[in-house]
Amino acid sequence: MEEKKAKKTVRQGRLNFASDEKVHPWLSMLLEAYYLADKGIAEALKAEARKGRRPACAKGCSHCCKTHQTIPVYPIELVGLSWYVTEKINGPERGVIKTQLNNYEENDPCPFLVEGACSVHPLRPVSCRQFNVFNKPCAEGEDPYYTRREDVLTPIRKYTDRAFFIMLPFYGIRSEAERWKIIESGAVHHVVKLMQTCNWKSLAEKMEEFDSKMMDDK
Ligand code: SF4
Ligand code: SF4
């Protein structure tokens with residue numbers, strides 16, 4: 001019954017991890033925020049398509065994940081990534097990710113990039129979702145945000161703001177007025193980190209602990 005009820009309240013097109021969301025209330029916030037961010041991206045891409053601009057981004061194109069040096073990530077997103085790789089990724093990919101996290105050195109390729117694809121695609125951060133490039137694919141080592149800003153999609157602000165609005169209770173900010181104030185002032189970005197400077201080794205340890213516990217429980 002509960003499961004059915006939870007499914008009914010989830011909007012169509014929004015990722016749904018019903019049983020995990022019951023255990024982790026922050027996960028519903030995050031998935032709702034990603035749903036809105038994705039909606040905003042789709043709308044922005046449609047507007048660009050009307051001007052005849054199509055994204056150069058395509059499956060297998062991953063220079064951005066290898067060489068971009070300033071990919072922003074917010075604490076709730078780090079919790080989401082941590083949960084996803086620890087509890088949801090299995091098989092050979094899990095071992096590859098664990099090794100990459102363990103060996104990670106600052107400015108290495110993103111530790112979640114496996115064989116040219118994003119292994120955390122459903123839980124990838126807003127910044128990865130929004131980064132769409134027009135005209136031509138990024139050259140190796142190029143970050144078009146700095147080299148040709150006009151070729152990088154500009155997200156529609158109302159969707160991004162709304163996504164942050166939904167995530168702010170994770171940081172203990174519940175009042176709606178306070179949340180809008182924090183968004184409008186830009187203070188919402190004070191907690192941002194960079195993917196390239198996170199302590200990924202600690203996530204490898206967390207995965208290891210989870211795996212040991214699973215073995216013990218068998
Ligand atoms: S951002 Fe650049 S490297 Fe990444 S998928 Fe798009 S074109 Fe390819
Ligand atoms: S999280 Fe995924 S999309 Fe983002 S940089 Fe890493 S591999 Fe690329």
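Here the structure is a predicted model, which is why all the values come from computation and not from measurement.

Asker: Where do I start with the pattern of salt bridges in this structure?
Answerer: One side chain can pair with another of opposite charge once the charged atoms of both are near each other. In this structure the tally under the stated criterion is 15 salt bridges. Its salt-bridge partner being Asp20, residue Lys88 comes within 3.0 Å of it at the nearest N-O pair. You can see Lys88 sitting in the loop between helix H5 (75–87) and helix H6 (92–102) and its partner Asp20 sitting in helix H2 (residues 18–23), a full 68 residues away along the chain. Overall, Lys88 belongs to the partly exposed group, its relative accessible area being 30%. One salt-bridge network, in which partners are shared between bridges, spans Glu48, Lys51, Arg53, Glu142, Arg148 and Asp151.

Asker: Can you help me understand the site of ligand 2 in this one?
Answerer: Looking at ligand 2, the residues that line it are Cys65, Ile71, Cys110, Leu113, Cys118, Val120, Pro125, Cys128 and Met195. Residues belonging to the shell around ligand 2 are distributed by class as follows: 9 nonpolar, no polar and no charged.

Asker: Is there a simple way to think about unusual backbone geometry in this case?
Answerer: Most peptide bonds take the trans configuration, and most residues that are not glycine carry a negative phi. For Asn107, which is not a glycine, the phi torsion comes out positive at approximately 70 degrees. Tracing the sequence through the fold places Asn107 in the loop between H6 and strand E2 (113–114). Positive phi, close to 80 degrees, is recorded for Asn135, a residue that is not glycine. In this structure, Asn135 sits in the loop between helix H7 (126–130) and helix H8 (144–147). Since its relative accessible area comes to 60%, Asn135 is described here as exposed.

Asker: Before we go on, may I ask you to explain the confidence of the model for the protein chain in this structure?
Answerer: Per-residue confidence for the protein chain gives a mean pLDDT of 94; residues scoring 70 or more make up 96%. Residue range residues 1–7 is modelled with pLDDT below 50. Its contacts to residues more than four positions away, or to other chains, number 6 contacts.

Asker: Could you clarify how one ought to interpret the site of ligand 1 in this entry?
Answerer: Lining the immediate environment of ligand 1, one finds Cys57, Cys61, His63, Cys64, Phe131, Val133, Pro137 and Cys138. Looking at side-chain class alone, the shell around ligand 1 contains 7 nonpolar, 1 polar and no charged residues.

Asker: Which parts of the structure should I look at to understand H5?
Answerer: Taking 1.5 Å per residue, 13 residues should reach 18 Å; H5 reaches 18 Å between its end C-alpha atoms and fits that length. For H5, the tally of buried residues reaches 10 of 13 residues, placing the bulk of the element in the interior. Within the sequence span of H5, burial applies to Ile76, Glu77, Leu78, Gly80, Leu81, Ser82, Trp83, Tyr84, Val85 and Thr86.

Rules of the game
As a convention, each chain's residues are numbered from 1 in the sequence order in which they are written. Chain letters and ligand numbers both follow the written order, the letters beginning at A and the numbers at 1. In keeping with the model being predicted, local features are shown solely for residues with a pLDDT of at least 70 and side-chain atom pairs are shown and tallied solely at 80 or more, while totals for entire chains, interfaces and linings include all residues. Excluded from the side-chain calculations are hydrogens and water; all other atoms, namely the structure's heavy atoms, are used. A side-chain nitrogen of Lys or Arg and a carboxyl oxygen of Asp or Glu constitute a salt bridge if their distance falls within 4 Å. The way it works is that DSSP assigns letters per residue, a run of H or I at least four long becomes a helix, a run of E at least two long becomes a strand, and they are numbered from the N terminus. Remark: exposure states derive from per-residue accessible area (1.4 Å probe, protein chains only) relative to the maximum for the residue type, with buried under 20%, exposed over 50%, and partly exposed in between. Definition of nearness: a residue and a molecule or strand are near each other if at least one heavy atom of the residue lies within 4 Å of the molecule or strand. Gly is put with the polar residues, along with every residue not named as nonpolar or charged; the nonpolar set is Ala, Val, Leu, Ile, Met, Phe, Trp, Tyr, Cys and Pro, and the charged set is Asp, Glu, Lys and Arg. Predictor confidence is given residue by residue as pLDDT, running from a minimum of 0 to a maximum of 100. Here, two residues are considered to be in contact whenever any of their heavy atoms come within 4.5 Å of each other. Between the first and last residue of a helix there are one fewer steps than residues, each counted as 1.5 Å, and that sum is the expected span.

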